[in-house]
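# Coordinate analysis (summary)
What follows is each chain in one-letter form.
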2 protein chains.
Amino acid sequence: MPKIITIAREYGSGGRLIAQKVAEKLQLVYYDNEIIDLAAKELGIDVDTIRRVSEEKTSSFMYTMSSSAFTLPLNDQVFAMQSKIIRHLATYDSCVIVNGCADYVLEDYDNVLTVFIHAPFESRLKRVEEEYKEEHDNAKKFVMKKDKNRTNYYNYYTTKKWGQLKNFDVTLNSDLGLDECANIIVDLYNKM
Amino acid sequence: MPKIITIAREYGSGGRLIAQKVAEKLQLVYYDNEIIDLAAKELGIDVDTIRRVSEEKTSSFMYTMSSSAFTLPLNDQVFAMQSKIIRHLATYDSCVIVNGCADYVLEDYDNVLTVFIHAPFESRLKRVEEEYKEEHDNAKKFVMKKDKNRTNYYNYYTTKKWGQLKNFDVTLNSDLGLDECANIIVDLYNKM
């Protein structure tokens, strides 16, 4: 029976790096934007468009835009398709899924270890400025906007609230160290 | 320099048992109701009275009751005294402190590992019924009341909200296993 690790993370927390370390140590398949790509292919929409909308909840504008072409608004279709694919992956093989809503999508599944990675705002800002090498006029506002988008997206599509510790088996402040966090997740996976 | 582990926990999560395991493995002093006893001694009030009020926030009734005898209501005095003692312990020697507000009381201290232990409601109810062997007319209501009291107490005395993952370096669902949780905390402490 497959064992699944879902990892949700705050933007700039290094959660994706931790997930990659975990997948490498455990020799597990790692899914991240791949899920979105798969969803995109099934929907027949180009990947860039679908990535852009994947962290925005449906707006009335999007609804108007898409209502002539689709039964559901584009974002709702993306969420439905991503959920379908996540559930498919989770029944197929053990894997690490980096996705903000995977804990919710798989909440009725057995053998799922749900993880949330966060960090103090200052640490995340520093990582975005130094490591991600992304150029923004205002990195602070960019991180805050990302937080807001992820919160809105989760709260819109699930019946839970974003970033509630009760949703997760383990939450970790990545200031503890990326390797330390990865090792904890690896140990818990091995004991599942 | 002392290294401190603070452990807050949901009632019935087994958080206290985990804390005891951690203290034993690390050979650290363990503070729990001892803190309250120390506070009681300094205040000169009997221990039972002070334990009873320690998880209730100040009510207008308490305020009236105590206003003739003390400058601050009894609960406020207890909180202030507990905070003072927790800060004293944290500068004195490495230790494990099981206290719902210790993460807040020590938030400006270095070398503090903040932990929150929780579990699904059903698991906590089961533990209360089976292991704690406490007799209640209605265990379910008793656990819910405990949750409400701890939430109210924390939200009243701190500037934060109870049970927010951002307040903690690590939060753990004790269904992962009490020993597994204790081992994670021990490893993190050793790497501090």
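Scroll up to find the structure this text is about.
Just so it is clear, the structure is predicted and the values come from calculations on it, not from any experiment. (Residues numbered from 1 in each chain as written. Chains lettered and ligands numbered in written order. Predicted model: local features only at pLDDT ≥ 70, side-chain atom pairs only at ≥ 80, totals over all residues. Heavy atoms only, no water.)

Another point: the relation of the copies chain A and chain B. Placing chain A over chain B gives an RMSD of 0.0 Å and needs a rotation angle of 180 degrees, together with 0.0 Å of translation along the axis. Taken together, these values place the two copies in the relation of a two-fold axis. Both copies share a contact surface, since 100% of the interface residues of chain A are interface residues in chain B too. (Least-squares fit on C-alpha atoms with pLDDT ≥ 70 in both. Contact = heavy atoms within 4.5 Å.)

On to the packing of helix α7 (residues 121-130) of chain B against helix α8 (residues 139-157) of chain B. Residue and element names in this part refer to chain B. Where α7 meets α8, the axes come as close as 10 Å, and the angle between the chain directions of the two elements is 115 degrees. Taken together, the axes of α7 and α8 lie roughly perpendicular to each other. For α7 against α8, the interelement crossing comes out right-handed. For the pair formed by α7 and α8, the contact residues are Phe121, Arg124, Leu125, Val128 and Glu129 on the first element and Ala139, Lys140, Val143, Met144 and Asp147 on the second. (Axes fitted to C-alpha atoms, helices over the stretch in contact; angles between N-to-C directions. Helix = DSSP H or I, 4+ residues; strand = E, 2+ residues; numbered from the N terminus. Parallel < 35°, antiparallel > 145°, perpendicular 65-115°, else oblique. Left-handed = near helix turned anticlockwise from the far one by under 90°.)

Residues and elements named next belong to chain B. A full pass over the atoms with the stated rule returns 16 aromatic pairs over all chains. Summarising the aromatic geometry, the rings of Phe79 and Tyr153 are spaced 6.2 Å apart at their centres and angled 70 degrees between planes, so their arrangement reads as edge-to-face. Of the two residues, Phe79 is situated in helix α5 (residues 74-92) and Tyr153 in helix α8; the sequence distance between them amounts to 74 residues. Accessibility expressed as a relative area gives 8% for Tyr153, which makes it buried. Arranged with centres 4.4 Å apart and planes meeting at 15 degrees, the rings of Phe79 and Tyr157 form a pair that is stacked. (Phe/Tyr/Trp six-rings, centres within 6.5 Å; stacked < 30°, edge-to-face > 60°. Buried < 20%, exposed > 50% of the residue type's maximum accessible area, 1.4 Å probe, protein only.)

Time to look at helix α1 (residues 15-26) of chain A. All names here are of chain A. Between its first and last C-alpha, α1 extends 16 Å over 12 residues, near the 16 Å set by a 1.5 Å rise per residue. Here α1 has its buried residues at Gly15, Ile18, Ala19, Val22, Ala23 and Leu26. Seen along its axis, α1 keeps its buried residues to an arc of 135 degrees; they face one direction. Lining the buried residues of α1 we find β1 (4-9), β2 (29-31), β3 (95-98), β4 (112-118) and α9 (178-191). (Expected span 1.5 Å × (residues − 1). Arc of directions from axis to C-beta.)

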